[in-house]
Every structure is written in structure tokens, then in C-alpha cells.
Amino acid sequence: MDVQKMQGSVWQSRWGKRVLWMLLLGSVAFGLRACYPGWLADYIGVVNAPLTYDSSGEPLSEREFARLADQLTQNYRQERAMQQTAEESNPFARRLKVNMLMQTRSFQKAAPYPHIDYFRNAGIRRYEGPKTCLTCHATIKTTDAQGKIRQVDTLEDVVHSVHYKFQSTAEGFTTYGFDGRQVNGKGTQPIPMGKIDRACGVPGSFTWTGWADLVKSKPARANGATELRSEGCGQCHIGGGYHPSSEQMLPGHDAPATAKAGIDCLICHAARYDMNARTVMEESRGRRWNQDRSLQTALTVGQPTAQNCLFCHQHNMGGDQEKNLPPGSAPDNLGHQNRRLLHPGSKRGNSFQKESDVHAAAGMICTDCHRPEGHKIPRGDKGVDLVANDLPHVKVECEGCHTAAPHVKDTQDRALLNGHVDRLSCEACHIKALQEDNVVLRDWIHPVWNEEEGIYVFKDVYQSGKAGKGFKFLWFNGNGTFLANALGDNPVAKGVYNPLMNQLARIDDPEVIAQIRSAAQLLQKSYPDLDVERYVREATDPLSVLSPEMLAKRKQMIEANIRPIMEQGKSRIYPFKIFNALMYEDMSNQGPFGAMILPFDYPTYYETGKPELSVRKALDHPVIKRMYEPPFKAYMMDEFMRYFGVGVWRGIHPVAEDGSLKNVEAHWMRQMGSLMINHGIRKEGRGCKECHSTRGMIDFEGLGYPPERVAELRSLPEMK
């Protein structure tokens, strides 16, 4: 047979065609795989390059290594001896006791850092980031909540965790769109979601604009001199490159090897991590965050401590300006150069320090409750704010330790108190107050000069840590809306409770309104055109800006889409920190629950105090521009807007040809956010009369109780 004819018949056969198609598809896939990353980087304006860190230093000699190891061990023993003699008030006597303890056999045997021996035996004399860690930890064993053990690739486990990419396309969000659909739930188009944060000048998942910035500040102590200050989301998120892990937010792509090499393992795992290294570096390729990669720090590696977690979460919980923090805390170690900026106002105001939280006082650490599975850390199966959850079905709750009947000591009242657990969360009684600087209303549109920092900052119009003012009591069934509004319902009065039209849509406390008016009058001195009464009205009643048609649509959507979610499962009363912000919005994408919040460019905002100029600068960022183009519309923005209750994304870039903003207005979001508060737990709960009296702190009417039950709850027979 002719060879050419035989080859033709082979390719014409069924299996031959399949092989041909497979080869063709394989070639196309290979070509796309090779070209796609480069095209994608060019499309979104991303820069990746090999990363180096001066703190890595040169490899140590054997003698230098031995000296460092001995110094770390002695320092640990010294600190331990100081802790054990803390009650000795006489300095001389304490010094003697410390010296005696240091000579004891138990102290001499104390070897706190096992990685000293690991590094010694492995010949490691220089720390080079993940490359060094993966020498021994290429894979790790993880144990899930059911006790199942799996072996996973360590690096992949990290880069697919929320702490690295800060978004997820997977199911498991406990938040629902105003269209009634669960975010990324079954039947939806999965899109990457991370957060919508009104407390932040870069409010959405598009955090590129605030990743690593240098701000020119002029603090009063500098007598007119300019200081460069570090700012941006990257001071916490563990990627170390020239931008966040934006590739993982886009289809079919992963973070490149150069970005993975910048992961900061030590900020979570090293007992002696130096936050003074965590500042922004200016390089020819761009700006990025520095990190502590010293061998001295690497030798102190172990399981994360509470201090490690609070390096980042301090900002979110107790705030950057919380007083009396332990040595080494991030707010007290702002950097040797290009010091990080301190932010006024506490975002959640629920401190995790021993003075304010019974669990911190008992020496517990974060992972005692948030038990990791590898590098996946659970935040619980309940959630209000739109934050991705690595382990959405793993519970993190008080009952995990304290059972469903936690009150055992008070024999007279324990049955009564345990009965409360059916309707009341533990936090409702045991969180008595938040930090005094807990921010409730933040104005980004009228910045004020901060002399100490030497920059313009947002104006916190109202702060309070008090019940009913800084936080409110709401029914909660474990779910929330797309814009962080707790959902639940009164189990004895269906269809009455409506926080999206009441508690979270208005402020009616006369004392709070008076303080907001006072703040507005103060702002008017710097902004003469500010209408004080209008300002107060919109801050306390943000629904007042809606047209009658939009207000009617809001009510209809709540009943049709949100009410069924409110009635799901079992609801209990929880305390929620409330928050709202005045920001610029893209009014081309507006609905009954608000419009698309626009970001600020941090340096422009802080340096000039001109928020409109700052928004224009931020909107010029390549990623934000792409967001308004057809590919992003099809990929995620239409779906995002459906959750938002708007409909479809109108891709009209809000900057006119002359550079001015178009169809952009400043508004308070149409409802306050309600953020979960689970820390700042006190051992002693509230007294009965704090709630059950005519001046009680719980708004029983607002919670949907009928008048006769309200009267009973304020005058219980047990109280007489």
C-alpha cells in the first residue's frame, strides 16, 4: 500500500481524528498558557519582577550563627525570668531573683526556638523567604474539622488562602445580594469577591490603588520639613510584590512565581518579627512593601501567637491608636524609615488585650478558637460583612467551649440566665462597651488637617463605644446583605421587624444628633458652603436622598428578596457595631440601596486634602479603567451590580474628556453597615436592669415586639 495513502486513511479514521483534535487543542492551550500571563499583565498594568530584601543579609559564619543562637536563647530566658518576678516591686531584689532563676537547671534547659537546631543541622545560614521554608516544608499535613488528614502543597495552600488573595469565587458566603441571591451560591455566575469597606479609602475588592504608596507628610514636630510615610493595604496582606495578587482575581491565571517568592511567612510565624521593617520601598519598577527577613527573626519561627495576628488585625479591632499595647505591637513600631501612617478611629473597637478581653487575659491566642486547617483559617459559619471565608462550614462560636447552658455558678439564677441563650447571644451580655474611638460616622469628603501626622485625614463625625450609640442590638440568623447589614427576624412577631428601613437606615437619638450637628458646624468653618441642616439630615436619615419611586422600589425589594432570608433558620439578638461613611459615588450605577463607591488615591488625598482630585487620580488607574470596559462588564461587573440591587453595570467611566468628574455625587450609603463584634468579652455579664427597665438599652419596639410584650419585658416579675 502507498505510504501516503495509508497515512491519509489513518487521519480519516475516528480515532485518528480524535488524536488530531487533541493535538490541535493541546497546541492552542499551550500557546494560550505561554502568552496569556504576559497579555494579562499588560492588560491590567501589572509589574512583576524578582524581589530582594536587604534584611536577608549575607550568610552567617558558623561562629556568627552560634553567637546569634546563644543570644536568642538567653534573651528568651531573661524575659521569662522577668515575667516570673513581675510582682517584686524592689528593683534590686527583682534583679537578684532574675539572676538566680537564670542559673537554675530548668532555665538552663529551656530551648524555646527549635528552628535553631533545625537550621544548624540543615546548614541554613541565611533566610530567603518561602524558598528557605519550603526546603523542609514543601508539603504539610492538615486536619479538618472531621479529623480527616490530608497532605497538601504548602505554597499552594498559602496562595489560595484568604490571607493571601483576599477574595474567593467559591460558594460559602453568608451574604446575600439585594436581588435575593446568595453571593456565589448555586445558580450564580461565580465572581471574585473580597470586601466592600466603607471605612477604607479604597472601598472594594479593587485594592490596587492603595497597595503600596508613599505619602509626603509635614508633621508639626518636623518644623516644616517633609517626611515620606508608608501607606496602603499591603502593610498587612502577606503578598510582597509590586501589587496585590490581582492575577488570581482574573480568569484562568495564577500568581506568578516572582510574586509567590515575596510572601512574608515570618509576619505570621516568627515570635520576634520586627514591624519596623514593614515599610514601603521606592524602586525603579515601582513601590512595594519591605519585610523582616533577618535570620535572627527566622530562627524564632513557631506557631502564630496573638501578637502575630494583631500585627494586622490590631488595625481592624482595637485600632491604630489603642493605648498600652505590649512591646512589639505594630502601632508602636512604625518603621525605621518611611514610617507607616497611623489611622484615627477604631474600625470595630473590640480590643483583644488582657485589660479588655477575658480570653486574652487568660493567655488564649487567636488560633485557640480560629483553628486552622493548614493555612486556611475559619472565621465561623456566620457572617455579615462581605469577606471571603476559607472554611465557611466550620463553626467558631462561644458554645464550642461553653456549651449551650453556660451559666453554672449562680445557683439561684442560672436557669433564668441559661434560658436567655435561646433568644440572646453571649456577646449581647458580655460585650459591655467598645473602644471610645469606635467610629460610627466617617466623612471622606471634608478632610481635616492632622498636625501630628502632617496630612489631611477623613473627619470622624461621630465616635462612641456605648450601647445604643456605637453599637446596636439586632436579630441575627447568621446571614447578612451585600452591604453588611445583619439579617434575622423576631421569632414571635413575623413581618414586623425591618432594620433596613429602621435601625440601619436612621439615627434618632437626640444626643447623637446633637453631636453630629456640632461636628457639622465645626466643619463649616473650613467649608463655608456646607449646609449644616442638610448635612445632619442626610447623615441621620440617608434614605432622605431617595426619590419616592426609588424608596418604593426599596421597600418592595426588601419584602420580596430580603424578607425570606431574614426568616431563615433561628435568630438571636446580637450586638453589632454600626458604621456609615460619606463618600463619592458613581451615580450611573445607582439603586435603592446605594451607588458604586469610588476610591481615592491615597497620596493625593493625604497631601492635598482635595478628595475630588484624589478620586480623579484613582479613576485613572489601569485596573479601574478596565473595570469600565466590556470584558470586565461580562466577567463580573454585571453580576456585581445584580447583587447590589442595581441591575446591570453601565460601563460609563465617570471622568469627562476635560478631566472633570461626571455624574459623581457625595452621599452617605443608604444604610449603615452592621459589623459583628465578638471580642472585648467581659467575664461578668450585664445586670438584668440594664435591659429590663424603662430606661433599658435594648429597643424592644425596634426589635419588633408587640406593645404588650414590650411592657412585660420592661417590667418583669422576676425583677421585683
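All of these numbers come straight from a predicted model, not from anything done at the bench. (Residues numbered from 1 in each chain as written. Predicted model: local features only at pLDDT ≥ 70, side-chain atom pairs only at ≥ 80, totals over all residues. Heavy atoms only, no water.)

*Asks:* Let's hear about the overall build of the chain: which residues, and what values?
*Replies:* When helices and strands are tallied, the chain shows 26 helices and 16 strands. Taken against the 2.2 N^0.38 rule, which gives 27 Å for 720 residues, the C-alpha radius of gyration of the chain at 28 Å falls within 12% of a compact globule. Its C-alpha atoms put the chain at 95 × 85 × 60 Å along the principal axes. Looking at the 720 residues of the chain, the share that counts as buried comes to 50%. Long-range contacts, defined here as pairs at least 24 residues apart, represent 71% of the contacts in the chain between residues at least 6 apart. With the model as given, the accessible surface of the chain reaches about 34,300 Å², and the carbon-plus-sulfur share is 53%. (Helix = DSSP H or I, 4+ residues; strand = E, 2+ residues; numbered from the N terminus. Rg over C-alpha atoms; globule rule 2.2 N^0.38 Å. Buried < 20%, exposed > 50% of the residue type's maximum accessible area, 1.4 Å probe, protein only. Contact = heavy atoms within 4.5 Å. Areas by Shrake-Rupley, 256 points an atom, 1.4 Å probe, with all protein chains shown as cover.)

*Asks:* Which residues make up the pairing of strand 14 (residues 594-597), and what values go with them?
*Replies:* Here 4 bridges tie strand 13 (residues 572-591) to strand 14, and the two strands are oriented antiparallel to one another. In the strand pairing of strand 14, Gln590 is matched with Ala595. (Pairing = 2+ DSSP bridges.)

*Asks:* For the side chain of Lys376, give the residues involved together with the corresponding values.
*Replies:* Examined against the element boundaries, Lys376 turns out to sit in the loop between helix 15 (366-369) and helix 16 (399-402). Classification of Lys376 by relative accessible area gives buried; the value is 17%. Engagement of the side chain of Lys376 in a polar contact is seen with the side chain of Asp157, the distance being 2.8 Å. Discounting chain neighbours no more than four positions away, the residues touching Lys376 are Asp157, His160, Ser161, Asp390 and Leu391. (Polar contact = N/O pair within 3.5 Å; in protein donor to acceptor, adjacent residues only side chain to side chain.)

*Asks:* Any chance you could break down the nonpolar core for me, citing the residues and the numbers?
*Replies:* Leu441, Phe482, Ile516 and Phe640 are the most contacted members of the largest nonpolar core, which has 117 residues in total. Among the elements that line this core, the one with the most residues is strand 13, at 9 residues. With sequence-adjacent residues up to four places away left out, Ile516 is seen in contact with Leu441, Val461, Tyr462, Ile507, Val536, Ala539 and Thr540. Ranked by size, the runner-up nonpolar core spans 29 residues in total, among them Phe65, Ala255, Cys265 and Phe311. (Core = buried A, V, L, I, M, F, W, Y, C linked by side-chain atoms within 4.5 Å.)

*Asks:* Residues and numbers for the packing of helix 3 (residues 62-84) against helix 6 (residues 115-122), please.
*Replies:* As a packed pair, helix 3 and helix 6 sit with axes 11 Å apart at the nearest point and diverge in direction by 170 degrees. What the angle tells us is that helix 3 and helix 6 run roughly antiparallel. Touching Phe65, Ala69 and Thr73 of helix 3 are Ile116, Phe119 and Arg120, all from helix 6. Considering only residue class, the contact of helix 3 with helix 6 consists of 4 nonpolar, 1 polar and 1 charged. (Axes fitted to C-alpha atoms, helices over the stretch in contact; angles between N-to-C directions. Parallel < 35°, antiparallel > 145°, perpendicular 65-115°, else oblique. Nonpolar A, V, L, I, M, F, W, Y, C, P; charged D, E, K, R; others polar.)

*Asks:* A description of the packing of aromatic side chains should follow, citing residues and the corresponding values.
*Replies:* A complete count under the given rule lists 24 aromatic pairs for this structure. With a centroid separation of 5.6 Å and 20 degrees between ring planes, the pair formed by Trp444 and Phe600 is classed as stacked. One end of the pair, Trp444, is in strand 8 (residues 439-450); the other, Phe600, is in the loop between strand 14 and helix 22 (602-608), with 156 residues separating them in the sequence. A relative accessible area of 0% means that Phe600 is categorised as buried. Centre to centre, the rings of Phe700 and Tyr705 are 6.0 Å apart; their planes meet at 70 degrees, and the pair counts as edge-to-face. For the pair shown, Phe700 and Tyr705 are each scored as buried. An aromatic cluster is defined as three or more aromatic residues linked by ring pairs; in this entry it consists of Trp444, Phe458, Tyr584, Phe600, Tyr602, Tyr605 and Tyr606. (Phe/Tyr/Trp six-rings, centres within 6.5 Å; stacked < 30°, edge-to-face > 60°.)

*Asks:* Mind laying out the sheet that holds strand 11 (residues 479-481), listing which residues take part and the relevant values?
*Replies:* Pairing is mixed across the open sheet formed by 3 strands, whose spatial order is 3-11-12. Strands at the two margins of the open sheet, each flanked by one partner only, are strand 3 (175-176) and strand 12 (486-487). Here 2 bridges tie strand 11 to strand 12, and the two strands are oriented antiparallel to one another. Note on strand 12: the bridge partner recorded for Asn479 is Leu487.

*Asks:* Describe the state of the cysteines, listing the residues and the values that go with them.
*Replies:* In protein chemistry, a disulfide is the covalent bond that joins the sulfur atoms of two cysteines. Applying the stated rule across the entire model yields 0 disulfides. The structure places no disulfide on Cys133, whose sulfur is separated from the nearest cysteine sulfur, that of Cys265, by 3.9 Å. Here Cys133 falls in the partly exposed class, since its relative accessible area comes to 22%. (Disulfide = S-S within 2.5 Å.)

*Asks:* Give me the lowdown on the pattern of salt bridges, citing residues and values where you can.
*Replies:* According to the stated counting rule, one finds 40 salt bridges in the structure shown. Here Glu62 makes a salt bridge to Arg125, at a shortest N to O gap of 3.1 Å. Highlighted residues: Glu62 in helix 3 and Arg125 in the loop between helix 6 and helix 7 (130-136), separated in sequence by 63 residues. Note on Arg125: relative accessible area 11%, which makes it buried. For Glu690, the salt bridge identified is with Arg686, shortest N-O distance 3.0 Å. (Salt bridge = Lys/Arg side-chain N within 4 Å of Asp/Glu carboxyl O.)

*Asks:* So what about unusual backbone geometry? Which residues, and what values?
*Replies:* One non-glycine residue, Asn184, adopts positive backbone phi at about 55 degrees. For Asn184, the position within the fold is in the loop between strand 3 and strand 4 (213-217). Given a relative accessible area of 2%, Asn184 falls into the buried group. The phi torsion at Asn663 lies on the positive side, around 55 degrees, for a residue other than glycine. Summarising the element assignment, Asn663 is placed in the loop between helix 25 (630-644) and strand 15 (664-668).

*Asks:* Quick one: what's the story with the packing of helix 3 against helix 4 (residues 91-103), residue by residue and with numbers?
*Replies:* The N-to-C vectors of helix 3 and helix 4 enclose an angle of 130 degrees; their axes lie 9 Å apart at closest approach. Taken together, helix 3 and helix 4 sit at an angle that is classed as oblique. For the element pair helix 3 and helix 4, the recorded crossing hand is right-handed. Residue-level inspection shows Gln74, Arg77, Gln78, Ala81, Met82 and Gln84 of helix 3 in contact with helix 4, the latter providing Arg94, Val98, Leu101 and Met102. Among the residues forming the contact of helix 3 with helix 4, the class breakdown is 5 nonpolar, 3 polar and 2 charged. (Left-handed = near helix turned anticlockwise from the far one by under 90°.)

*Asks:* Before we move on, can you summarise the environment of Asp620 with the specific residues and values?
*Replies:* If you trace the backbone, Asp620 turns up in the loop between helix 23 (611-619) and helix 24 (622-627). A relative accessible area of 48% places Asp620 in the partly exposed class. In sequence terms Asp620 and Val655 are 35 residues apart; their C-alpha atoms lie 8.7 Å from each other. Engagement of the side chain of Asp620 in a polar contact is seen with the side chain of Lys625, the distance being 2.9 Å.

*Asks:* Give me the environment of Cys200: which residues, what numbers.
*Replies:* Within the element layout of this structure, Cys200 appears in the loop between strand 3 and strand 4. Spatially, the C-alpha atom of Cys200 lies 17 Å from that of Gln167, the residues being 33 residues apart in sequence. Once you skip the residues sitting within four places of it in the chain, Cys200 turns out to touch Trp444, Met583 and Tyr602.

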